[in-house]
Amino acid sequence: MEQEATRDAYGKVLVELGRQNPDIVVLDADTSSSTRTNWFAKEFPDRFFNFGVAEANMIGYAAGLALAGKIPFVSSFAVFGSIRPYEQIRTSICWPNLNVKIVLTHAGISVGEDGASHQAIEDIAAMRVLPNMSVIVPGDSNETRRVIFACCEHKGPVYIRLGRAKFPLLPDVEFKIGKARIVKEGKDISLIACGLMVFEALKAAEMLDRDGISARVINMPTIKPIDREAIILAAKETKGIITAEEHSIIGGLGSAVCEVLAEEKPAIVKRIGIQDVFGTSGKPEELMSYFKVDARAIYEEAIKILNFEC
Amino acid sequence: MNNVILKIADTSRKIRRLIIEMLSLAGSGHPGGSLSSVEIIASLYFHIMRHNPSNPLWEDRDRFILSKGHCCPTLYAALAISGYFSQEELKTLRRLGSILQGHSDRLQTPGVEMSTGSLGQGLSCACGMALGGKLSQKDFFVFCLLGDGETQEGQIWEAAMSASHYKLDNLISFLDYNKLQIDGRVSDIMNIEPLVDKWRAFGWEVMEIDGHNIEEIISCVDRAKKIKDKPKMIIAHTIKGKGVSFMEGRVEWHGVAPTKEEAERALKELG
């Protein structure tokens, strides 16, 4: 099965964008060889700016460049580019509603061996609460490409969350900001996932299928503005919902889904994610099993919900 | 030149009156630092900067970022006198629905280039604008005004390092060195000296002036504009609360608005 890390797709698409649009500028804080913005830097050295290890300043530059008519793409690791310069993003980007794209890699526990300091599990929650900010977690490389193009067209701040690890590709279909898509139809239970958890949800759906359970798998790349309709429909048409994300269960996709359901169509929900603890060192696949953020965990929760229902 | 200076001095007096009037009406705000920055902002808007109040977004305009955003009354007064909006608006400062927010908001006020108020962030943004200007081969200048207490923020020094790294010679920043911050004297709270040495060490051309001397402000900017390949820092020695005897050099007036009676006394002094 073909595999690619979403950060690799980002690196490639930035170069493409750079060729099409001379206003694209790229900013990084000494992580360009990991975020893959160094590919853009190589082709467009005059439009690439490295700030060294100084993320707060980088965010301020992005604001200024946006005000001067440029389209800044700002990259770093998800921890250091989101919550480290958080108040700068809030006050210098979101409040003045500037056209800055914050694209951070190495999100979640799939970072692996680097451990807790480098594993962002709170970035979606932090970015989601900022007015004017959109939050997108592409499900794979193909979607990353489409997301980056769509966000370049969109005016206003966007946070795009990418990963370090290579992951299998999903079918390459259209992407629209704010729209979920059903990647597998099902009538018994709904699995709503983002990022690399979409693939895990598909694996869980196969496992459920073998037990005669039909699971709907929904890829929800846009966490904000969230696709309320897709969530409500899932609650109406299936017996329960499982959310899956490589992020804290507090404040991320799971919370966003619960917020919609609590107001519109109360349903049984189980949130798969990091259970309010910090990450740790280990291989990505070991960590996903250790923290119960994988297909097996989704499968087990689905069975529990359906047993409860019956 | 003499006429120019006299005119700016008179406008400065007018701005000071407006600051007192609008703060007194608003019932809250920051008179001390607003009054210390008057001559700098007046010289910028009424002589130094290339700008067009009837076309605030003119591409080739010089830009000004008030990094010490709490002193926006001075900026609002200068913008109103310039004609960006009516002077009547000044009476609505800090009120619900006003275009004049408690700290400057670029989406609300014509002529305000950047939303500020959270200290330490404006310089990075000014740097980004200056860099953007260079990328687009524009010849505009970006001016920035920092507070002294503000330079205690680490981000200021990140910006300082990067501005010389990128040789932003189209960036001219002032530092309103009134030596007081909310909690007391800057040198007691967290000493920022030696200021000249610091900025010089970060690769900036540094000049020191009397921040209330209009002639010095103008000639200093003239010199700064000609210096190539590095950013410029003008350390302007000022008096907090300048122009109102009972506010001058008094830390209590950092963030308290004058009462109606106090405002009347202040206006009488300002003439």
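Relevant structure appears above.
A quick note: this is a predicted structure, and the numbers were derived from the prediction, not measured.

A word on unusual backbone geometry. Following lysine 224 of chain A, the chain continues to proline 225 of chain A via a peptide bond in cis, the omega torsion being 0°. Summarising the element assignment, proline 225 of chain A is placed in the loop between strand S12 (222–224) and helix H10 (228–237). That bond from glutamate 193 of chain B to proline 194 of chain B is cis: its omega, 0°, falls within 30 degrees of zero. With respect to the secondary-structure elements, proline 194 of chain B resides in the loop between helix H7 (186–189) and helix H8 (195–201). With phi around 75°, arginine 36 of chain A is a residue other than glycine that occupies positive phi space.

This next bit is on helix H5 (residues 122–135) of chain B. An ideal rise of 1.5 Å per residue puts 20 Å on 14 residues; H5 of chain B measures up with 20 Å between its terminal C-alpha atoms. The element H5 of chain B is largely enclosed, with a buried count of 12 among its 14 residues. Three or more residues of H5 of chain B are buried, namely Gly122, Leu123, Ser124, Cys125, Ala126, Cys127, Gly128, Met129, Ala130, Leu131, Gly132 and Gly133 of chain B. In this structure, the buried residues of H5 of chain B make contact with helix H4 (55–67) and helix H6 (86–94) of chain A together with strand S1 (63–66), strand S2 (142–147), helix H6 (154–165) and strand S3 (171–177) of chain B. Where H5 of chain B ends, the next residue or the one after it, glutamine 137 of chain B, has phi of about 55°, a positive value.

Another aspect to go through is the sheet that holds S1 of chain B. The strands that make up a sheet are held in pairs by hydrogen bonds between backbone atoms, and each pair lies either parallel or antiparallel. Residues and elements named next belong to chain B. One open sheet accounts for five strands, arranged S1-S2-S3-S7-S6; its pairing is parallel. Of all strands in the sheet, those bounded by a partner on one side alone are S1 and strand S6 (205–210). Strand-to-strand, the axes of this sheet are offset by a mean angle of 20°, without reference to chain direction. Bridging between S3 and strand S7 (residues 232–237) involves six bridges; their strand directions are parallel. Bridge assignment links isoleucine 172 to a residue of S7, and that residue is lysine 232. Lying on the sheet, helix H9 (residues 214–226) is in contact with S3, S6 and S7; it crosses S6 at an angle near 170°.

Rules used in this analysis
- Residues numbered from 1 in each chain as written.
- Chains lettered and ligands numbered in written order.
- Predicted model: local features only at pLDDT ≥ 70, side-chain atom pairs only at ≥ 80, totals over all residues.
- Helix = DSSP H or I, 4+ residues; strand = E, 2+ residues; numbered from the N terminus.
- Expected span 1.5 Å × (residues − 1).
- Buried ≥ 20, exposed ≤ 12 C-beta atoms within 10 Å, placed from the backbone.
- Contact = placed C-beta atoms within 7 Å.
- Pairing = 2+ DSSP bridges.
- Axes fitted to C-alpha atoms, helices over the stretch in contact; angles between N-to-C directions.

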